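# Remarks on the overall topology
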Amino acid sequence: MREYLLTLCVTAAVTYLLTGPVRKFAIAAGAMPEIRARDVHREPTPRLGGIAMFGGLCAGLLVAAHLSNLGKVFELGNEPRALLSGAGLIWLLGVLDDKWGVDALVKLGGQMIAAGVMVLQGLTILWIPVPGVGTVALTSMQGTLLTVALVVITINAVNFVDGLDGLASGMVCIAAAAFFLYAYRLWYGHNIEAAAPATLFAAVLMGMCLGFLPHNMHPARIFMGDSGSMLIGLVLAAGAISITGQVDPDLLYQQVGGERQAIQAMVPVYIPLLLPLTVIAVPVADLLLAIVRRTWNGQSPFAADRGHLHHRLLELGHSHSRAVLIMYFWSALIGFGTVAYSVHSASGWIVLLIVALSAVGLVLLLLPRFKPRAPRWAEAFVPPRYRRKGALAAATPGHDADALSAALEEREPVPAGLHGATAIGDRSRFHHVRKISNQR
């Protein structure tokens with residue numbers, strides 16, 4: 001565990017330290033596209049954050065290769081090199097898209113090529129455990145197609161959810177943490193060495209996201225762009241492919257003492273497609289809803305719009321930060337709930353706890369629909385939005401409450417200097433709220 005923590009810390013430190021210079025480089029290179037109709041931010045913000053994340057990935061793998069225990073992962077298999085090759089290709093494609101823009105079909109082709117490169121170097125699905133059937137061996141063509149499909153789905157799911165400051169990096173970090181716990185348990189709990197690469201990938205992925213998050217939290221100073229979102233999506237998919245398609249279920253049967261116990265232990269990885277869909281269920285749900293919505297409206301599945309889940313949270317009335325935290329909550333509930341169920345699938349309290357937390361999450365979703373008002377004796381101690389109109393007028397004798405509210409909304413923004421995402425000018429301290437529509 002100490003070696004994993006060291007690898008995680010090195011990856012996070014390198015990513016964090018590189019992000020500042022990368023931001024200055026992105027501004028100098030002009031990687032600051034104009035604000036589009038579907039964007040939530042109001043000021044031009046540099047992209048290319050994926051450059052720092054790729055540097056953290058390389059640093060983490062380099063350190064792990066020279067450690068006594070983790071170094072065996074590089075000696076016994078070619079999966080880390082396969083990951084680095086595919087990540088390099090997808091990262092280069094993302095950098096080109098962040099700077100000049102790349103057609104959606106070209107990006108899809110590049111994602112398939114990156115997945116194919118990993119398959120050629122051995123990072124592929126060899127078999128899948130199917131409940132009631134057993135272990136099903138795949139042909140070379142079947143394994144290749146399934147691996148490529150899994151990589152493409154995961155990459156685009158992460159890319160689609162990257163719409164708010166800190167959202168994609170935080171959700172993937174949560175998914176990677178849940179995935180790390182599961183993979184680490186297989187390796188050290190059941191002594192299955194084939195799970196070691198997936199554990200390493202999850203630790204490095206957590207470091208990449210944690211190192212980038214301080215720069216990307218609201219208000220974001222830099223965006224990861226496609227160079228970052230596609231990169232972390234590929235790393236997450238590589239870990240899922242490694243642990244699902246490489247770990248022999250028969251060996252797990254021997255370690256846990258029987259087929260029934262092994263089936264319970266393999267709950268999250270019955271079918272390879274279900275593993276990444278489980279740990280990042282929220283982004284995948286957003287991806288599927290976006291495809292259905294755009295196809296239903298006669299648009300291309302790749303056409304951009306403002307109908308994503310995070311856009312709808314803002315439309316409900318949630319603030320930017322609260323919308324991100326709600327998405328974090330649901331990702332953690334689904335990811336860690338699945339891991340907990342795989343450990344104690346016979347315990348009913350886990351299901352009850354998940355149901356109770358789901359109810360809490362639903363209340364949080366509907367919270368903006370309720371408009372609490374403070375008692376009159378406490379109105380002097382709460383923000384104006386919780387006061388009645390009469391209290392606002394009483395606080396300012398001689399002024400109408402509606403007129404005063406309108407005057408406050410029309411106040412001239414006060415410059416706050418160079419701060420946050422502002423790269424070329426002053427940031428306004430007050431922001432006008434605009435209604436979010438589903439039209440492009």
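Residues numbered from 1 in each chain as written. Predicted model: local features only at pLDDT ≥ 70, side-chain atom pairs only at ≥ 80, totals over all residues. Heavy atoms only, no water.

## A word on the overall build of the protein chain
Scanning the protein chain for helices and strands turns up 18 helices and 2 strands. Looking at the protein chain as a whole, 49% of its 440 residues qualify as buried. As displayed, the protein chain has an accessible area near 20,800 Å², and 65% of this comes from carbon and sulfur atoms. (Helix = DSSP H or I, 4+ residues; strand = E, 2+ residues; numbered from the N terminus. Buried < 20%, exposed > 50% of the residue type's maximum accessible area, 1.4 Å probe, protein only. Areas by Shrake-Rupley, 256 points an atom, 1.4 Å probe, with all protein chains shown as cover.)

## With respect to the side chain of Glu3
Along the polypeptide, Glu3 turns up in helix H1 (residues 2-29). It is Arg2 that comes nearest to the buried, bridge-free Glu3 among opposite-charge side chains, at 7.3 Å. Within the local environment of Glu3, its side chain forms a polar contact with the side chain of Ser68, the two groups lying 2.8 Å apart. With residues near it in sequence (within four places) discarded, Glu3 still touches Leu67, Ser68, Asn69 and Leu70. (Lys, Arg positive; Asp, Glu negative; His and termini not counted. Salt bridge = Lys/Arg side-chain N within 4 Å of Asp/Glu carboxyl O. Polar contact = N/O pair within 3.5 Å; in protein donor to acceptor, adjacent residues only side chain to side chain. Contact = heavy atoms within 4.5 Å.)

## Let's talk about a nonpolar patch on the surface
On the surface, a nonpolar cluster with roughly 350 Å² of combined accessible area is contributed by Leu92, Leu96 and Trp100. Following the sequence through the fold, Leu92 ends up in helix H4 (residues 79-99). For Leu92, a relative accessible area of 45% corresponds to the partly exposed category. (Patch = residues over 30% accessible without salt bridge, like charges linked within 9 Å, V, L, I, M, F, W, Y side chains within 5 Å.)

## Points about the side chain of Asp98
Considering the arrangement of structural elements, one finds Asp98 in helix H4. Arg47 provides the closest opposite charge to the buried, unpaired Asp98, separated from it by 4.3 Å. Residue contacts for Asp98: discarding those within four places in its chain leaves Ala31, Arg47, Leu48, Met224, Gly225, Asp226 and Ser227.

## Describing the packing of helix H2 (residues 50-65) against H4
Remark: H2 packs on H4, axes separated minimally by 11 Å, with the N-to-C direction vectors making an angle of 170 degrees. On the basis of the axis angle, H2 is roughly antiparallel to H4. Facing Gly50, Ile51, Phe54, Leu57, Cys58 and Leu61 of H2, the residues of H4 in contact are Pro80, Leu84, Ala87, Gly88, Trp91 and Val95. Of the residues in the contact of H2 with H4, the class split is 10 nonpolar, 2 polar and no charged. (Axes fitted to C-alpha atoms, helices over the stretch in contact; angles between N-to-C directions. Parallel < 35°, antiparallel > 145°, perpendicular 65-115°, else oblique. Nonpolar A, V, L, I, M, F, W, Y, C, P; charged D, E, K, R; others polar.)

## Examining the layout of surface pockets
Taken as a whole, the second largest pocket encloses approximately 360 Å³ of empty space. Along its surface, the second largest pocket is lined by 18 residues, and Val73, Leu76, Glu193, Ala196 and Pro197 are the ones closest to its centre. Breaking the lining of the second largest pocket down by element, the ones donating at least two residues are helix H3 (71-76), H4, helix H7 (167-189) and helix H8 (196-216). Here the residues of the lining of the second largest pocket are counted per class, giving 8 nonpolar, 7 polar and 3 charged. (1 Å grid on protein atoms, 1.4 Å probe; cavity = no way out; pocket = protein on both sides within 12 Å on 5 of 7 lines; lining within 4 Å. Points joined across faces, edges and corners; volume = space filled by probe spheres on them.)

## Side note on the packing of H1 against H8
Across the interface, H1 lies against H8 with an axial gap of 7 Å and an inter-helix angle of 35 degrees. Read as a crossing pair, H1 and H8 show a hand that is right-handed. Of the residues in the contact of H1 with H8, the class split is 13 nonpolar, 9 polar and no charged. (Left-handed = near helix turned anticlockwise from the far one by under 90°.)

## Observations concerning the nonpolar core
Ranked by internal contacts, the top residues of the largest apolar core, which has 89 residues, are Leu200, Leu205, Leu231, Ile232 and Leu234. Ranked by residue count, the leading element in this core is H7, at 16 residues. Aside from chain neighbours lying at most four places away, what touches Leu234 is Leu83, Gly86, Ala87, Ile90, Ala114, Met118, Val151 and Ile155. (Core = buried A, V, L, I, M, F, W, Y, C linked by side-chain atoms within 4.5 Å.)

## Observations concerning the environment of Asn78
If you trace the backbone, Asn78 turns up in the loop between H3 and H4. Residue classification places Asn78 among the partly exposed residues on the basis of a relative accessible area of 31%. Residues Asn78 and Leu123, spaced 45 residues apart in sequence, show a C-alpha to C-alpha distance of 7.8 Å.

## Points about the confidence of the model for the protein chain
Overall, the prediction assigns the protein chain a mean pLDDT of 76, with 65% of residues at 70 or greater. Model confidence for the protein chain, summarised as mean pLDDT per element, is weakest for helix H18 (residues 401-409) at 48 and strongest for H2 at 95. Across residues 404-440 the pLDDT falls below 50, and counting only partners more than four positions away or on other chains, this stretch makes 68 contacts in the model. (pLDDT = per-residue confidence, 0-100.)

## What about the pattern of salt bridges?
One pass over the full model with this rule turns up 2 salt bridges. A salt bridge links Lys107 to Asp97, with the shortest nitrogen-to-oxygen separation between them at 3.6 Å. Here Lys107 is found in helix H5 (residues 104-120), whereas its partner Asp97 is found in helix H4, with 10 residues between them in sequence. Between Lys107 and Asp226 there is a salt bridge, with its nearest N and O atoms 2.8 Å apart. Taken as a pair, Lys107 in helix H5 and Asp226 in helix H9 (residues 225-245) lie far apart in primary sequence, 119 residues in all.

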